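What follows is the residue order along each chain.
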Number of protein chains: 2
Amino acid sequence: MTVVSESVSSAVSACAQAAYRAAPTLAAAPDSAIDGALSAMASRLRASSASLLEANEADVAAATADGMSAGLLDRLRLSPERLDTMASALELLASTPHPPRSAFVRDLPDGLKLYERRRPVGVIGANYEARPNVTVDVASQLVKSRNAGVLRTGGAALGSATALLRSVIAPALEEASLDPAAIQLVPTPDRAAASALVSQPAHIPLVILRGSGETTRTLGQEAARHGVRTLAHADGGGVLYVDVEADVSVAIDLVRNSVDRLGVCNRLNLLLIHSDVYESFLPSARSLLTDLGITLSLPPHNHPIGYEWALDSSREATVTVLPVSSAVEAASVANTETSGLAASIVTTSQATAEAFMDAYTGTGVFWNATTRLLDGFKLLAVPETGINIDKVPGPRGPVTYPDLCLRQYAILPA
Amino acid sequence: MTVVSESVSSAVSACAQAAYRAAPTLAAAPDSAIDGALSAMASRLRASSASLLEANEADVAAATADGMSAGLLDRLRLSPERLDTMASALELLASTPHPPRSAFVRDLPDGLKLYERRRPVGVIGANYEARPNVTVDVASQLVKSRNAGVLRTGGAALGSATALLRSVIAPALEEASLDPAAIQLVPTPDRAAASALVSQPAHIPLVILRGSGETTRTLGQEAARHGVRTLAHADGGGVLYVDVEADVSVAIDLVRNSVDRLGVCNRLNLLLIHSDVYESFLPSARSLLTDLGITLSLPPHNHPIGYEWALDSSREATVTVLPVSSAVEAASVANTETSGLAASIVTTSQATAEAFMDAYTGTGVFWNATTRLLDGFKLLAVPETGINIDKVPGPRGPVTYPDLCLRQYAILPA
């Protein structure tokens, strides 16, 4: 377990209490105030671009001096174009309708009427890497769902995140007559703050953990010990099953479309091929992947079948290949050997597709479509807060702001 | 933490594995097989009543010899009438429609179509007291929701539960061509089996904990440490707020209707009265409650304001009374001092009712209605699996079988 110093713990605790106090005013706010705050964030983002870029420059310079890799530096860097994209996303979110807050269920005896209502959670925590745009992305989705929040970003982006909070998020909330304390940013770069964030069930019952891998897995376990629920996926890895009745050109297109990016959770990680077409299909797959600079890991494997190459920065450009004897076996391998994020079947047979789709229990099951579509924005046209792969009822798969609510039953008199 | 012996641990583990193997056939079963199994349970319950009553007699005799209290003995005892009620409940459940397994969401690019599907969880655990009827109640709801299950009953009811499993549940599943192994009963009366049940996240990701109090609280914490989700409410206690604009006769009726049973979680536990009517309303409330044999705990209190009398068997017949200065203060007391199960306001003012309902964040918020309605069957006309008071997204308040599912996104080609 991570040791959290007194000062880190009290810094996070102060954020949690401030957000908790501000949460009720957000919960009670009219839709117009919420959307007004989001529009104001967009305007302020555009108006403050010079000072935001300056704050980000300082973060980038410090990270460069610390030897940060090119890939991470790219994610840390803001540019006028990125700020513009962020502002457009805020405007889109401001114009997205709010889900109804109350729905009639049925009439009860004595003329009473039952409604199901959607309530905000209260305060939601979020932990994410050193990516300044995520600060605005998550904050805006929390505000849209009427939740207060405590954000904790990777230390390298703390200067940028602080500038975004001070000149964009907080004043926009205030301009819309919402309490600017509703969105808190943990002010310390100490990594232990993430542990403190997942150990305050009374104030922060739910924490969104962005990003995959060991850090997320450890934080998820730590949260569970404290009775804090997380929305997270420590593991990912898309599965594609090429059936005996697959159209080869469709299969090849899907393989290609599933490896357009390699560092993401929903890319092709495991290619399952029906044994009757293994010998005939493998050469085409090999030729395509080799051309793309991707290595095939063929049997016998010296790693677990579901090993996630996206998390192995030195061997990211690898796809595991395995023959299977049926669609149901393919689904079973995907169920038992992988995270349960997403799997797809390529086949012309409806019966086989249905058998595969009924057997696979992961968060997304696709037929003749790439697992790269397992993404809140691509699926639902709203930004995703994150992806959750729990095997229990509740938000699962891409999580979007309408998911961030509690169910409440209300009874009204006649 | 409870120490679980090797033999108890392996008994529960064997149940978990057997249920896990049987789960996929249940998940794939047509609606007709599911409902056929439930109808067959009803027939078998009626046909086997003599042998079931005999098995129950033995449990009751042993419990009597062990000095079990009259209240618990009553809950342990089966009778022809109770068996008939159980059979009728099964027939009702068999005739209740299944929620749609798939719903169209939207068109995606390239002619792809997105669906949201409901999938069973797989295996769900359930821990409950020595009440034989709950074995059938929970088993039938798990079957209706296509989940396999591992049931663990209080040791005193193990003989009855075993008879119900062997002569009712298992053969009915078999008769409907479902795997009888789908419903497992932990074969040991050892209390430590409950701990074993909440520590197998790979096979049993979700456990329903029936009943309130310390056992449930401890099991919930133990489950959390293992990454197992529970649906439970360790604490309950209904809150009634009598507003300054309350109709006194409505208020008195509600008080009376809220204390018809005292050992239940949704009974009146805390009576809040607006300070401007405190002196005028208190005598009527006192007179009514005293007539019903109920003691009022008036300020200054020597216990926490939310202290739950239903869990204190020697002082069950008590109601805490507290003056408050407004509807919003009443909601705030209910939010911070009680479990968040349910609270009700008595008022003739719509504005005050709305302020109260917006401020109270618990699972049920009622206006001029008793908190005794916080019950799956009373609210939704379907049996409840239990009540959950988590403050995170997912099933909350009364949990019914349609809640016991996982969300999965599916993409189909044009």
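Residues numbered from 1 in each chain as written. Chains lettered and ligands numbered in written order. Predicted model: local features only at pLDDT ≥ 70, side-chain atom pairs only at ≥ 80, totals over all residues. Heavy atoms only, no water.

### A short note on the relation of the copies chain A and chain B
Thought 1: Expressed as a screw transformation, the operator carrying chain A onto chain B has a rotation angle of 180 degrees and an axial translation of 0.0 Å, and the superposed copies differ by an RMSD of 0.0 Å. The symmetry that links the two subunits is that of a two-fold axis.
Thought 2: A share of 100% of interface residues in chain A that are also interface residues in chain B marks the association as one of identical surfaces. (Least-squares fit on C-alpha atoms with pLDDT ≥ 70 in both. Contact = heavy atoms within 4.5 Å.)

### Describing the pattern of salt bridges
A side chain of one charge can pair with a side chain of the opposite charge if their charged atoms are brought near each other.
Thought 1: In this structure the tally under the stated criterion is 36 salt bridges over all chains.
Thought 2: Notably, a salt bridge pairs Arg 46 of chain A with Glu 91 of chain A, separated by 2.9 Å at the nearest N-O pair. Linking Arg 46 of chain A in helix H2 (residues 31-47) with Glu 91 of chain A in helix H5 (residues 80-95), this pair joins segments that are 45 residues apart in sequence.
Thought 3: Judged by its relative accessible area of 35%, Arg 46 of chain A is partly exposed.
Thought 4: Taking the relative accessible area as the measure of exposure, Glu 91 of chain A reaches 36% and is therefore partly exposed.
Thought 5: A salt bridge links Arg 75 of chain B to Glu 129 of chain B, with the shortest nitrogen-to-oxygen separation between them at 3.9 Å. Of this pair, Arg 75 of chain B sits in helix H4 (residues 70-76) while Glu 129 of chain B sits in the loop between strand E3 (123-128) and helix H6 (132-144); the two residues are 54 residues apart in sequence, bridging distant segments of the chain.
Thought 6: The class of Glu 129 of chain B is partly exposed, set by a relative accessible area of 31%. (Salt bridge = Lys/Arg side-chain N within 4 Å of Asp/Glu carboxyl O. Helix = DSSP H or I, 4+ residues; strand = E, 2+ residues; numbered from the N terminus. Buried < 20%, exposed > 50% of the residue type's maximum accessible area, 1.4 Å probe, protein only.)

### Here's the deal with the nonpolar core
Thought 1: Within the largest apolar cluster, 93 residues are counted, with the highest numbers of intra-cluster contacts made by Met 41, Leu 45, Leu 151, Leu 178, Ile 183 and Leu 379 of chain A together with Ile 411 of chain B.
Thought 2: Tallying contributions element by element places helix H7 (residues 158-175) of chain A first for this core, with nine residues.
Thought 3: Apart from residues no more than four positions distant in its own chain, Leu 379 of chain A is found in contact with Leu 373, Leu 374 and Pro 398 of chain A together with Arg 106, Leu 108, Leu 114, Tyr 409 and Ile 411 of chain B.
Thought 4: Core analysis: the next-biggest nonpolar cluster, separate from the first, contains 92 residues, Val 392 of chain A together with Leu 93, Ala 163 and Leu 165 of chain B among them. (Core = buried A, V, L, I, M, F, W, Y, C linked by side-chain atoms within 4.5 Å.)

### Notes on the interface of chain A and chain B
Interface size is often expressed as the accessible area that is lost when the parts come together.
Thought 1: Listed as interface residues are 52 residues of chain A and, on the opposing side, 52 residues of chain B.
Thought 2: The contact between chain A and chain B buries some 4300 Å² in all, and 59% of this surface belongs to carbon and sulfur atoms.
Thought 3: Area buried by chain A at its contact with chain B is led by Pro 393, Arg 407 and Tyr 409 of chain A, which between them contribute 17% of it.
Thought 4: Salt-bridge contacts for Asp 358 of chain A lead to Arg 117 of chain B; the nearest nitrogen and oxygen are separated by 3.6 Å.
Thought 5: Of all the secondary structure elements, the ones that give two or more residues to the side of chain A that touches chain B are strand E1 (102-107), strand E2 (113-120), helix H9 (214-225), helix H13 (350-359), strand E13 (364-367), helix H14 (376-380), strand E15 (397-400) and strand E16 (405-412) of chain A.
Thought 6: For the side of chain A that touches chain B, the leading source of residues is E16 of chain A, giving eight residues.
Thought 7: Of the residues in the side of chain A that touches chain B, the class split is 33 nonpolar, eight polar and 11 charged.
Thought 8: Pairing of E13 of chain A with strand E16 (residues 405-412) of chain B involves three bridges; the strand directions are parallel. If you follow Val 365 of chain A over to E16 of chain B, its bridge partner there is Ala 410 of chain B. (Buried area = accessible area lost by both parts, 1.4 Å probe. Nonpolar A, V, L, I, M, F, W, Y, C, P; charged D, E, K, R; others polar. Pairing = 2+ DSSP bridges.)

### Structural notes on unusual backbone geometry
In terms of backbone geometry, most residues other than glycine have negative phi values and most peptide bonds are trans.
Thought 1: A cis amide bond links Pro 299 of chain A with the next residue in sequence, Pro 300 of chain A, at an omega value of -5 degrees.
Thought 2: Locating Pro 300 of chain A in the fold gives a position in the loop between strand E10 (295-297) and strand E11 (318-324).
Thought 3: The phi dihedral of Asn 368 of chain A is positive, around 55 degrees, even though this residue is not glycine.
Thought 4: Within the secondary structure, Asn 368 of chain A sits in the loop between E13 and H14.
Thought 5: On the basis of relative accessibility, which here comes to 23%, the residue Asn 368 of chain A falls in the partly exposed class.
Thought 6: Even without a glycine there, the phi angle at Ser 177 of chain B is positive, about 60 degrees.
Thought 7: Counting through the fold element by element, Ser 177 of chain B comes out in the loop between helix H7 (158-175) and strand E5 (183-185).

### Concerning the sheet that holds E5 of chain B
All names here are of chain B.
Thought 1: If you trace the five strands from one edge of the open sheet to the other, you get E5-E4-E3-E6-E7, paired in parallel fashion. This sheet does not close on itself; its edge strands, each paired only once, are E5 and strand E7 (229-231). Direction aside, neighbouring strands of the sheet carry axes that sit 20 degrees apart on average.
Thought 2: For E3 and strand E4 (residues 148-153), the ladder comprises six bridges, and the chain directions are parallel. Considered in E4, the bridge of Asn 127 is made with Arg 152.
Thought 3: Contacting E3, E4, E5 and strand E6 (206-209), H6 crosses the sheet at an angle of about 165 degrees to E4.
Thought 4: Contacting E4 and E5, H7 runs over the sheet at an angle of about 165 degrees to E5. (Axes fitted to C-alpha atoms, helices over the stretch in contact; angles between N-to-C directions.)

### A word on the side chain of Thr 363 of chain A
Thought 1: Within the element layout of this structure, Thr 363 of chain A appears in the loop between H13 and E13.
Thought 2: Here Leu 341 of chain A takes part through its backbone oxygen, which lies 2.6 Å from a polar atom of the side chain of Thr 363 of chain A.
Thought 3: Every residue in contact with Thr 363 of chain A, bar those within four places of it in the chain, is listed here: Gly 340, Leu 341, Leu 374, Asn 388, Ile 389, Arg 396 and Gly 397 of chain A together with Arg 407, Gln 408 and Tyr 409 of chain B. (Polar contact = N/O pair within 3.5 Å; in protein donor to acceptor, adjacent residues only side chain to side chain.)

### What to know about the packing of aromatic side chains
Thought 1: Counted by the stated rule, this structure contains eight aromatic pairs over all chains.
Thought 2: Arranged with centres 6.4 Å apart and planes meeting at 15 degrees, the rings of Phe 356 of chain A and Tyr 360 of chain A form a pair that is stacked.
Thought 3: Since its relative accessible area comes to 1%, Phe 356 of chain A is described here as buried.
Thought 4: Both rings, one in Tyr 307 of chain B and one in Trp 309 of chain B, keep their centres 4.7 Å apart while their planes meet at 70 degrees; by these two values the pair is edge-to-face.
Thought 5: Classification of Tyr 307 of chain B by relative accessible area gives partly exposed; the value is 27%.
Thought 6: Among the aromatic residues, those joined into a ring-pair cluster are Tyr 241, Phe 356 and Tyr 360 of chain A. (Phe/Tyr/Trp six-rings, centres within 6.5 Å; stacked < 30°, edge-to-face > 60°.)

Remember, this is a structural readout, not a statement about activity or role.
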